[in-house]
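Structural description and commentary
Chain residues, written in single-letter form:
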Amino acid sequence: MDFTPPKIICETPVIYTNTGNVTIKWSAMDNAELFRFEVYINGTPFRFLPNGSRSVDLSLPLGVWEIEIRAFDVAGNSDSTRAIVYVDKTPPSIKIIAPKQDEVLPIGFYKIKWEVSDNYKVDRIQIFLDWEEVATINGNASSYELYLNPGAHVLMIKVYDAAGNESYDIVSFAVTEKALITSYVITLASAILILVFTVSLLWHWGKPKPKKLMKKGEMKEMVEESIEKEPSGKG
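Described in the following lines is the structure provided in the data block.

What counts as what
Residues numbered from 1 in each chain as written. Predicted model: local features only at pLDDT ≥ 70, side-chain atom pairs only at ≥ 80, totals over all residues. Heavy atoms only, no water. Helix = DSSP H or I, 4+ residues; strand = E, 2+ residues; numbered from the N terminus. Buried < 20%, exposed > 50% of the residue type's maximum accessible area, 1.4 Å probe, protein only. Contact = heavy atoms within 4.5 Å. Areas by Shrake-Rupley, 256 points an atom, 1.4 Å probe, with all protein chains shown as cover. Phe/Tyr/Trp six-rings, centres within 6.5 Å; stacked < 30°, edge-to-face > 60°. Lys NZ or Arg CZ within 6 Å of the ring centre and 35° of its normal. Pairing = 2+ DSSP bridges. Axes fitted to C-alpha atoms, helices over the stretch in contact; angles between N-to-C directions. Patch = residues over 30% accessible without salt bridge, like charges linked within 9 Å, V, L, I, M, F, W, Y side chains within 5 Å. Salt bridge = Lys/Arg side-chain N within 4 Å of Asp/Glu carboxyl O. Core = buried A, V, L, I, M, F, W, Y, C linked by side-chain atoms within 4.5 Å.

**Points about the overall build of the protein chain**
On a plain count of helices and strands, the protein chain comes out with two helices and 16 strands. When burial is assessed residue by residue, the protein chain has 33% of its 235 residues classed as buried. Taking all contacts inside the protein chain whose residues are at least 6 apart in sequence as the whole, residues at least 24 apart take part in 60%. Carbon and sulfur atoms make up 57% of the accessible area of the protein chain, which amounts to about 15,800 Å² in all.

Here's what the structure looks like:
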């Protein structure tokens, strides 16, 4: 009497495809003898296969599909394994947010930035400067630092989702040493304006205040008092 179930493991547990044509593979073993395999798609029986089978070819429409493979031995014991298949023909979206179109940048290191999204999973990102690939990075990244030399440049960023769909965005920009000089000039001019304003305030606060002007009546009274106090010339 055999009560030991067989063992089955799916070798392709997660599959992304933009065609729908996939091959599900598995490995299986039993302490006595395997009898058959049963394939189910989203819980619905699809195909029964003999004990020597280790894969099944499927053609699936758009959507998410759960593929279950059940293994049976000659005693009727069973085990199962599952795979999830994403059939996706929607390309991801990508937008470069830095630099902006026709922006003028200073020479040196610059961090390019972008926004990306996908209905299932972004796989990888490729960065091209002047049509030459400079990097391929993880799909979760949103920035990358480049050294920019003077001249006109074209930046292209391509994004791929896990199913193989792709999209891209392109911007043109320029790099010049004058941009760096202009930045320095603006900074210096701002500093000079602040200095002039500060000196003007200090001068205004420190200069002597004007004396109070006498009113006409006060001056007359002062003159009359002076005359009365003068000594008389009579003997």
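**Section: the packing of aromatic side chains**
Scanning the model with the defined rule gives four aromatic pairs in all. In this structure an aromatic cluster arises from ring pairing among Tyr-16, Tyr-86 and Tyr-120. Here the basic side chain of Arg-36 rests over the ring of Phe-72, its NZ or CZ set 4.4 Å away from the ring centre. Its end group placed over the ring of Tyr-40, Arg-70 keeps NZ or CZ at 3.9 Å from the ring centre.

**Some thoughts on the sheet that holds strand 1 (residues 7-10)**
Overall, antiparallel pairing links the three strands, which are arranged 1-3-6 in an open sheet. For this open sheet the edge positions go to strand 1 and strand 6 (55-59), each flanked by a neighbour on one side alone. Neighbour-to-neighbour, the strand axes of this sheet turn through a mean angle of 25 degrees, independent of strand direction.

**Structural notes on a nonpolar patch on the surface**
A cluster of nonpolar side chains, Trp-131, Tyr-168 and Ile-170, forms an exposed patch at the surface whose accessible area comes to about 350 Å². Position of Ile-170 relative to the elements: it lies in strand 16 (residues 166-176). Ile-170 sits in the partly exposed class, given a relative accessible area of 32%.

**Section: the sheet that holds strand 4 (residues 34-41)**
The five strands are arranged 2-8-7-4-5 in an open sheet whose pairing can be described as mixed. Looking at strand neighbours, the two that pair on one side only are strand 2 (14-17) and strand 5 (44-50), the edges of this open sheet. Here the strands of the sheet are splayed against their neighbours by 20 degrees on average, with no regard to which way each runs.

**Observations regarding the environment of Lys-111**
Mapped onto the secondary structure, Lys-111 falls in strand 11 (residues 108-117). Considered as a pair, Lys-111 and Glu-145 are 34 residues apart in the sequence and their alpha carbons are 4.1 Å apart.

**Examining the pattern of salt bridges**
In total, this model carries six salt bridges according to the counting rule given. With its nearest N and O atoms 3.5 Å apart, the salt bridge here joins Glu-68 to Arg-82. With Glu-68 in strand 7 (residues 63-73) and Arg-82 in strand 8 (residues 78-87), this residue pair connects regions lying 14 residues apart in the sequence. Beyond isolated ion pairs, a larger network of salt bridges with shared partners links Glu-66, Glu-68, Arg-70 and Arg-82.

**Details of the nonpolar core**
Within the largest apolar cluster, 22 residues are counted, with the highest numbers of intra-cluster contacts made by Ile-24, Phe-37, Leu-60, Ile-67 and Val-85. Those elements that provide at least two residues to this core are strand 1, strand 3 (21-29), strand 4, strand 6, strand 7 and strand 8. Judged by nonpolar contacts, the second largest core, of 21 residues, contains Leu-129, Ala-135, Ile-137 and Val-159.

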